[in-house]
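Here's the letter readout for the chains.
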Amino acid sequence: MKLLVYGAGVLGSLFAARLHEAGHDVSLLARGKRLASLRRHGVQLAEGDSPVVRRVPVPVVEHPAGGYDLIAVFVRTHQVDAVLESLAGLEDDVLFLHNWAAGAEPLGAVIGHERVLLGFGMAGGTMDLDVVRHRATNFLTRRVAMPIGEPDGRTTPRLERIVRAFRATGINAKAEPKMDAWLKTHAAFEVPLGQAVHTAGGPVALADDPDAVRGMLHLMRRNLAAMPTPPVPRGFAALRTLPESLLVATLRRFLRSPTAVHSGLSDASPAAVAELARLAEQMRACTQGR
């Protein structure tokens, strides 16, 4: 499979490195200083706080040229408009793997509805200068599947082909028939979480303030109640039904965990703030009037 990974942040870099090491013809699209670093050193990976840095020589490009079996997009929500403009003249299928609560319509309106697939990358990590520091995989994280779906929920030959190709690479992908609802559910949870973490000054600081965690939970519940469709996965409905005290304790424990501390939640960069603002705007649009 010939692939273009569009976006060389944490997820795009991890994804491209894994595909390259599995023998796929993959290129990683980057710009500016990130492009220069990748050309010099390749994708640099380290597990957690380990001083050991592994380099993967993934080919890099600055512009999409077409002729791919699939373009996988890993960018922040507020960067999608620019990506769409650069992909509008191509014909390749495009799998969008990022925070997105606006549905497939605005994506297909620019590049063609028949080209769009939706998904979400499930890996996590942070950028340490040019090194991607990612969580070590374990039994539990390997069981968390990366959902991919057609906008209309069908199981198509191309969807089955992509899922098979990713699984053969060791990426635990699965076909998700309600991908748009999945993304909206994730945003209903992610927006209050990201906003509360940013206001508190980090996940651990938020965990130390049970009243702030309680307020965050109320916003999550309000978002889920206002969604136009039931939550996907259905387990998120527990945020509306389980006792508040239990959920607050669980969320505080999560916020102190290595998963939260070493994830994008700790990123207070202007880009992270801009992404959260765009995602919140999309959530307001899809829940208004309910």
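No experiment lies behind these values; they were computed from the predicted model shown.

Asker: Is there a simple way to explain the overall build of the protein chain in this structure?
Answerer: When you go through the protein chain residue by residue, the secondary structure sums to 13 helices and 12 strands. Expected size for 290 residues packed as a compact globule is a radius of gyration near 19 Å; at 19 Å, the protein chain falls within 12% of this value. Its C-alpha atoms put the protein chain at 50 × 45 × 35 Å along the principal axes. Out of the 290 residues belonging to the protein chain, those deemed buried represent 50%. Across the protein chain, contacts joining residues at least 24 apart in sequence account for 68% of those joining residues at least 6 apart. Element-wise, carbon and sulfur atoms account for 54% of the exposed surface of the protein chain, whose accessible area totals about 13800 Å². Separation between the mean location of the 34 positive side-chain charges and that of the 28 negative ones in the protein chain comes to 5 Å.

Asker: I keep staring at the environment of His20 and nothing clicks. Help me out?
Answerer: Structurally, His20 can be placed in helix α1 (residues 10–21). On a C-alpha basis, the gap between His20 and Arg161 in space is 18 Å, while along the polypeptide they are 141 residues apart. Dropping the residues within four chain positions of it, His20 is found in contact with Val26, Val56, Pro57, Val58 and Pro59.

Asker: Just checking my understanding: could you explain the pattern of salt bridges for this structure?
Answerer: A pair can form between side chains of opposite charge whenever their charged atoms are brought close. All chains considered together, the criterion is met by 11 salt bridges. A salt bridge links Arg278 to Asp81; the nearest nitrogen and oxygen atoms lie 3.6 Å apart. Note that Arg278 is positioned in helix α13 (residues 270–287) and Asp81 in helix α3 (residues 80–87), a separation of 197 residues in sequence. You can call Asp81 partly exposed: its relative accessible area is 44%. Two residues, Asp180 and Lys184, come together in a salt bridge whose shortest N-O distance is 2.8 Å. Residue Asp180 and its partner Lys184 are both found in helix α7 (residues 179–200); the two are separated by 4 residues, about one turn of the helix.

Asker: Whenever I open this one, the pairing of strand β8 (residues 116–119) confuses me. Can you help?
Answerer: In summary, the side chains of a regular strand alternate between the two faces of the sheet. Side-chain alternation along β8 places Val116 and Leu118 on one buried face and Leu117 and Gly119 on a second face that is also buried. Handedness of the strand β7 (residues 94–97)-helix α4 (residues 105–111)-β8 crossover: right-handed. Here β8 pairs with strand β11 (residues 146–149) via 2 bridges, running antiparallel. Counted as the bridge partner of Leu118 is Gly149 from β11.

Cut-offs and rules
- Residues numbered from 1 in each chain as written.
- Predicted model: local features only at pLDDT ≥ 70, side-chain atom pairs only at ≥ 80, totals over all residues.
- Heavy atoms only, no water.
- Helix = DSSP H or I, 4+ residues; strand = E, 2+ residues; numbered from the N terminus.
- Rg over C-alpha atoms; globule rule 2.2 N^0.38 Å.
- Buried < 20%, exposed > 50% of the residue type's maximum accessible area, 1.4 Å probe, protein only.
- Contact = heavy atoms within 4.5 Å.
- Areas by Shrake-Rupley, 256 points an atom, 1.4 Å probe, with all protein chains shown as cover.
- Lys, Arg positive; Asp, Glu negative; His and termini not counted.
- Charge placed at Lys NZ, Arg CZ, Asp CG, Glu CD.
- Salt bridge = Lys/Arg side-chain N within 4 Å of Asp/Glu carboxyl O.
- Right-handed = clockwise from strand over helix to strand, strands pointing away.
- Pairing = 2+ DSSP bridges.

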